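Topology and contacts: notes
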Amino acid sequence: MWRVFPGLFRRRIMLAHFKKKKRFACLFLALLMLTGCQGSRGEEIQEEKPEGEIREEENREEENQEPQDVRLPQVLSMEDNYRTYYEVFVYSFFDGNGDGTGDLKGLVEKLDYINDGDPATTEDLGCDGIWLMPVMPSASYHKYDVMDYYAIDPEYGTMEDFENFMAECDKRGIKVILDLVINHSSSEHPWFKEAAAYLAELGDGEPSLTDCPYVDYYHFSKEQKTGYSQVPGSDVWYYESQFSYTMPDLNLYNESLREEIGKIVDFWLAKGVGGFRLDAVKEYETGADSANIEILSWFSDMVKGKREDAYLVGEAWTDISTYEKYYESGIDSLFNFAFADSEGIIAKVVKGSSPASGYGKALQNIEERFKEYNPDYIDAPFYTNHDMGRSAGYYSGEHSPSQTKIAGALNLFMSGNAFIYYGEELGMKGSGKDENKRAPMYFYEDKEAEGMCRGPADMDGIKMKYGSYESQEKDPYSVYNYYKKAIRLRGIYPAIRRGSVENLEQFADDTLTAFSKSWEDEKVYLFCNLSPEERVIPLDGLEGEIQGIAEELCVDEKVPALKEGTLTLPGYGIVILK
Ligand SMILES: [Ca+2]
Ligand SMILES: [Ca+2]
Ligand SMILES: [Ca+2]
């Protein structure tokens, strides 16, 4: 049977929510009175109803014994590997000691922004995972060239600061994965310095691994091959350095190095880290995918042997027909590049340069493809990262704010671990050189405000398109409040977070994508309108399957309606039917 009054249904849902959290209700109402009732529409019922009226409806609710469909976002056990990750560049996030550079103390100060640990509060984003970009000592500002795998870069703080950060994340149910860069080390790493000095001294002779075992930790050669640099002080020896001469490539087939990497993993797991993001896995052996798969297989088995629930995600920045094969290694996840960046599936369907119907189709298609290589794979969708231009710059014109929002949802409504790059939830800008993509987290308009970071030295001045967190937080229709609601919906519905997709081809067209997601006994139907115009959609064939509108995610005050089997969906609106 169709529900005639979706608005009423939504109110009931919110009341169910309200009843469940009676403990928090009084405090919440008091807070609302103090804050002038602002927030996202997710909480609108508590906001708009005077206390007396809520009581009245609550009683009616009890009489009716309506099913209580809606829950708070799930609090996951640390073992659970279907989360919402927030990618943090510590350098540009928040400065805890006033030197202008972000650090671990600053990050801890702003952890409540990411997750305050209370599922009943909605002042936080509600992410339950953090991908921490490299924090180990490094000669570069981005720290993707490690000088010591067992320490914290002094710019970011001390090991004690890190331990404190881990404890604070643990309190909040945030699983932390560490960026582990083992394709290469820094040319300042003692292993490399010792090996390079030994070879410079040796000249044209044959190196002895007894005299210097580190010679075999890297790829040294007397031949200057592509991607090789000259060993300092030697006119005989070269070393592989695919990214930069400051980043000598490690030889991941060396057994002693593998043992060392095992110790590094032990060290960080003992600190409470929940897993690793593996940098540049496609370059482990450049141009040799099967070797890379073999190395990943070794790494994955090694880590899982130490901790079964450790989560591993690899960065293989290439086309999907290549990185899907990397699932053969048994690694949990590979970043799903096909959906990311300015020319990925998400941006293309939002811009309209490819049909919206392709999104639902692609979701169903990737399941089949990835499963073929690893039935236990966990997708790792993301939309942008620190190597890509900020997504707010992908769209221009009057609909660009709506496009920026809905694209974020298309990432967050994908199954697996969805990743958000810091600041995307504010629609931050930044493109061109890498430094621009890593601008200071825009907490406040005032650049001099306490805790605001300076950002990378070579960064250009960046003109932001949307306001800072401080201003967006107050606007119910801001990019920030949209993202926050999308994250929350992801957390509430297991089918969204981990469900299997069935594309609903019969409803899809150039500007509409529709699909269902199922997980255990939950099935939700998502309709996404990727055009600025309202769409009227007869839901033929879904009679008996759908009770009504469970949730909406819309870009402005217009909300969807479902009446007598016909769905009305505002421009750039998403509806979740159940
Ligand atoms: Ca600092
Ligand atoms: Ca919360
Ligand atoms: Ca390599």
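Residues numbered from 1 in each chain as written. Chains lettered and ligands numbered in written order. Predicted model: local features only at pLDDT ≥ 70, side-chain atom pairs only at ≥ 80, totals over all residues. Heavy atoms only, no water.

**Considering the overall build of the chain**
Along the backbone of the chain there are 18 helices and 18 strands. Counting all 578 residues of the chain, 61% fall into the buried class. Residue pairs at least 24 apart in sequence account for 68% of intrachain contacts in the chain once pairs closer than 6 positions are excluded. Accessible surface computed for the chain: about 22,500 Å², of which carbon and sulfur atoms make up 48%. (Helix = DSSP H or I, 4+ residues; strand = E, 2+ residues; numbered from the N terminus. Buried < 20%, exposed > 50% of the residue type's maximum accessible area, 1.4 Å probe, protein only. Contact = heavy atoms within 4.5 Å. Areas by Shrake-Rupley, 256 points an atom, 1.4 Å probe, with all protein chains shown as cover.)

**Notes on unusual backbone geometry**
With phi around 50°, Glu520 is a residue other than glycine that occupies positive phi space. Tracing the chain through its elements places Glu520 in the loop between strand S12 (512-519) and strand S13 (522-529). Its relative accessible area of 70% is what places Glu520 among the exposed residues. For Tyr572, which is not a glycine, the phi torsion comes out positive at approximately 55°.

**Some details on the sheet that holds strand S17 (residues 566-569)**
Sheet architecture is open: 3 strands sit in the order S14-S17-S16, paired in antiparallel fashion. Of all strands in the sheet, those with a lone pairing partner are strand S14 (535-538) and strand S16 (561-563), marking the two edges. Across the sheet, the axes of successive neighbouring strands diverge by a mean angle of 20°, strand direction being ignored. Here S16 pairs with S17 via 3 bridges, running antiparallel. Pairing of Lys563 across the sheet is with Thr566, part of S17. (Pairing = 2+ DSSP bridges. Axes fitted to C-alpha atoms, helices over the stretch in contact; angles between N-to-C directions.)

**Some details on the sheet that holds strand S4 (residues 220-221)**
As summarised here, the arrangement of the 3 strands in space is S4-S6-S5, forming an open sheet in which the pairing is antiparallel. Here the strands that pair on one side only, and so sit at the sheet edges, are S4 and strand S5 (228-230). Bridge count for S4 against strand S6 (residues 238-240) is 2 bridges, and the pairing is antiparallel. Among the inter-strand pairings, Ser221 is bridged to a residue of S6, identified as Tyr238.

**Examining helix H14 (residues 357-373)**
Relative to the 24 Å expected for 17 residues at 1.5 Å per residue, H14 spans 26 Å between its end C-alpha atoms, a close match to the ideal helical length. On its buried side, H14 packs onto helix H12 (320-323), helix H13 (345-351), helix H15 (400-412), strand S11 (500-503) and S12. (Expected span 1.5 Å × (residues − 1).)

**As for the coordination of the calcium ion (ligand 3)**
Looking at the metal site, the calcium ion (ligand 3) is ligated by Asn183 (OD1), Asp249 (OD), Glu283 (O) and Tyr284 (O), spaced 2.2 to 2.8 Å from it. The sequence pattern describing where the donors of the calcium ion (ligand 3) fall on their chain is N-x65-D-x33-E-Y. With Asp249 in the loop between S6 and helix H10 (255-270) and Tyr284 in the loop between strand S7 (275-278) and helix H11 (289-306), the pair connects residues that are 35 residues apart, well separated along the chain. By relative accessible area, Tyr284 is classed as buried at 1%. (Donors = N, O, S within 2.8 Å, 3.2 Å for Na, K, Ca; no water.)

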